[in-house]
Every structure is written in C-alpha cells, then in structure tokens.
Amino acid sequence: MEKILNIYKEKLEKEIAKKKGEVRGTAKFEDLVDRIREDLSNIGRNLLAMFYQELVRYVEQNNPDFIKNNKDKWDSILERANSLKEYGLYVAPIDLIKEENNTLPLAIGVGSFVAAGVITKLLLKKVKILPAALIGAIGGVGYNLIFGEDESKKREMLLEYIDDAQDWMRTALENMYKIFQDAVA
C-alpha cells in the first residue's frame, strides 16, 4: 500500500513541475495567476479521488476478510476517507499575490506632500500647494519605480505558493493513506 502512496506522490511531483514550468515560461503572467489556484485545487482533488479509489480496490482485493469481519470499522474508514476526499484539501487564496501593494508608495507620497508643505511654510511663510503636491507625487512614484515589486518577484511568490499547495496535497495523500492503514494492518 505504501507503494501506491509513493506513486501518487510522484504524480503530484509531476503535476507541480508542470505548474512551475508554466509560471516560469508564460508571457501572460496575470492570466496565469488568475487560473493557478483553481488548477492546483483540481489537481489535488483528482489525485485524492483516484488515490481513494485505488486504496479501496487494494483493500477489497488483498484483505476481503477485514471488510467482512469489521463491517462497522470499514464503513467508518470509508466515511472518513470520503470526508477527506471532499473537504480535506485546502489551497490558500491567491489574492495576496494578485493584489499590488500600493500602500507604502502612497504613504511616501503623502509624507512627501506634508513635508514639502511644512518646509515651504517655514521658508516662505506660506504653504505652496502645487510644489508640495508635485513633490509628493514624485516621491510616491519614484519609490514605486525604484523599490516596487517587479514581475520576477511576483513569479517567485507564485512559485512559493505552489510549493505550499504541494505540501498541503502531499499531507492530504498521507492522511488518506493513514486512514486505510487500519484495513491492512
């Protein structure tokens, strides 16, 4: 039975490698971000469903006496495994990667505006709104251009997201395996 688990872990590795290849090779990054969570969720659900079916067949073929002699326990195993198959896979929302964080450049722009207003008030005894606004805009945009996230950082975050999803899927497969271990022990 452990051999079956390893086969499904290998299938998971192949699917994840394909997704990572898409992330590294796609030109339309934003389109990929929109669909990646759903793809990962489907991969996990499909692998869990196939693994479930294969484990049921394995127990039916290799330990039919367990099913016959432990009807309640077998039903409990199937119920727990079905619950895991339906609800045991969680792939985190991807919104954190999709949203660009404009808070810091905005804060720098507002800070520059206020600082420019204070400086013009001190130097000229009057606040000059237009130069302060211009300095504020330049400060915010300049920060975003110099320190803003580029696409390569977003791609790296997406690859980390895929790694996290892979860990969740591997754990779900291992949990399914543990549920069925009682039937072959």
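The structure displayed is predicted, hence computed values, not measured ones.

Chemist: Explain the overall build of the protein here, please?
Modeler: Looking only at helices and strands, the protein has eight helices and zero strands in total. By residue count, 34% of the 185 residues in the protein fall in the buried class. Long-range pairs, those at least 24 residues apart, make up 82% of the contacts in the protein between residues at least 6 apart in sequence. When the accessible area of the protein is evaluated, it comes to approximately 11,600 Å², of which 55% is carbon and sulfur surface.

Chemist: So what exactly am I meant to see when it comes to helix α4 (residues 71–87) here?
Modeler: Taking 1.5 Å per residue, 17 residues should reach 24 Å; α4 reaches 24 Å between its end C-alpha atoms and fits that length. Among all positions in α4, only Trp-74, Ile-77, Leu-78, Ala-81, Leu-84 and Lys-85 are buried. Projected down its long axis, α4 carries its buried residues within an arc of 125 degrees, all on one side. Opposite its buried face, α4 presents the exposed residues Asp-72, Glu-79, Glu-86 and Tyr-87, each directed more than 90 degrees away.

Chemist: Sorry if this is basic, but what is going on with helix α1 (residues 2–25) here?
Modeler: Turn by turn, an α-helix covers 3.6 residues, leaving residues three or four places apart pointing in a common direction. For α1, with 24 residues, the first-to-last C-alpha span of 34 Å sits near the 34 Å given by 1.5 Å per residue. What α1 keeps buried is the set Ile-4, Leu-5, Tyr-8, Leu-12, Ile-16, Lys-19, Lys-20 and Val-23.

Chemist: Looking at this model, I keep getting lost on the pattern of salt bridges. Mind explaining?
Modeler: Pairs can form between side chains of opposite charge once their charged atoms are near each other. Tallied over the entire structure, the rule returns 10 salt bridges. A salt bridge links Glu-13 to Arg-170; the nearest nitrogen and oxygen atoms lie 3.2 Å apart. Residue Glu-13 is located in helix α1, and its partner Arg-170 is located in helix α8 (residues 151–184); the two are separated by 157 residues in the primary sequence. For Glu-13, a relative accessible area of 38% translates into the label partly exposed. Between Glu-15 and Lys-18 there is a salt bridge, and its shortest N-O distance comes to 3.6 Å. With Glu-15 and Lys-18 both in helix α1 and three residues apart, the pair spans about one turn of that helix. Where salt bridges share partners, they join Lys-19, Glu-22, Arg-35 and Asp-39 into one cluster.

Chemist: In this structure, what is going on with the nonpolar core? I would like to understand it.
Modeler: It is characteristic of soluble globular proteins that their nonpolar side chains tend to be buried jointly. If you look at the biggest cluster of nonpolar residues, it comprises 40 residues, and the most contacted ones within it are Ile-36, Leu-40, Phe-51, Trp-74, Leu-158, Met-176 and Phe-180. Of all the secondary-structure elements, those providing two or more residues to this core are α1, α2 (29–62), α3 (64–69), α4 and α8.

Chemist: Would you take a moment to explain the confidence of the model for the protein for this structure?
Modeler: Fine structural detail should not be taken from predicted coordinates in areas where pLDDT scores are low. Mean pLDDT over the protein works out to 79, with 65% of the residues at or above the 70 mark. Considering each helix and strand of the protein separately, the mean pLDDT is smallest for helix α5 (residues 95–98), with a value of 53, and largest for α3, with 92.

Chemist: Would you take a moment to explain the side chain of Lys-85 for this structure?
Modeler: Relative to the helices and strands, Lys-85 is located in helix α4. With relative accessibility at 16%, the residue Lys-85 sits in the buried group. Among the polar contacts listed, one links the side chain of Lys-85 to the side chain of Asn-82, at a separation of 3.1 Å.

Definitions and limits used
Residues numbered from 1 in each chain as written. Predicted model: local features only at pLDDT ≥ 70, side-chain atom pairs only at ≥ 80, totals over all residues. Heavy atoms only, no water. Helix = DSSP H or I, 4+ residues; strand = E, 2+ residues; numbered from the N terminus. Buried < 20%, exposed > 50% of the residue type's maximum accessible area, 1.4 Å probe, protein only. Contact = heavy atoms within 4.5 Å. Areas by Shrake-Rupley, 256 points an atom, 1.4 Å probe, with all protein chains shown as cover. Expected span 1.5 Å × (residues − 1). Arc of directions from axis to C-beta. Salt bridge = Lys/Arg side-chain N within 4 Å of Asp/Glu carboxyl O. Core = buried A, V, L, I, M, F, W, Y, C linked by side-chain atoms within 4.5 Å. pLDDT = per-residue confidence, 0-100. Polar contact = N/O pair within 3.5 Å; in protein donor to acceptor, adjacent residues only side chain to side chain.

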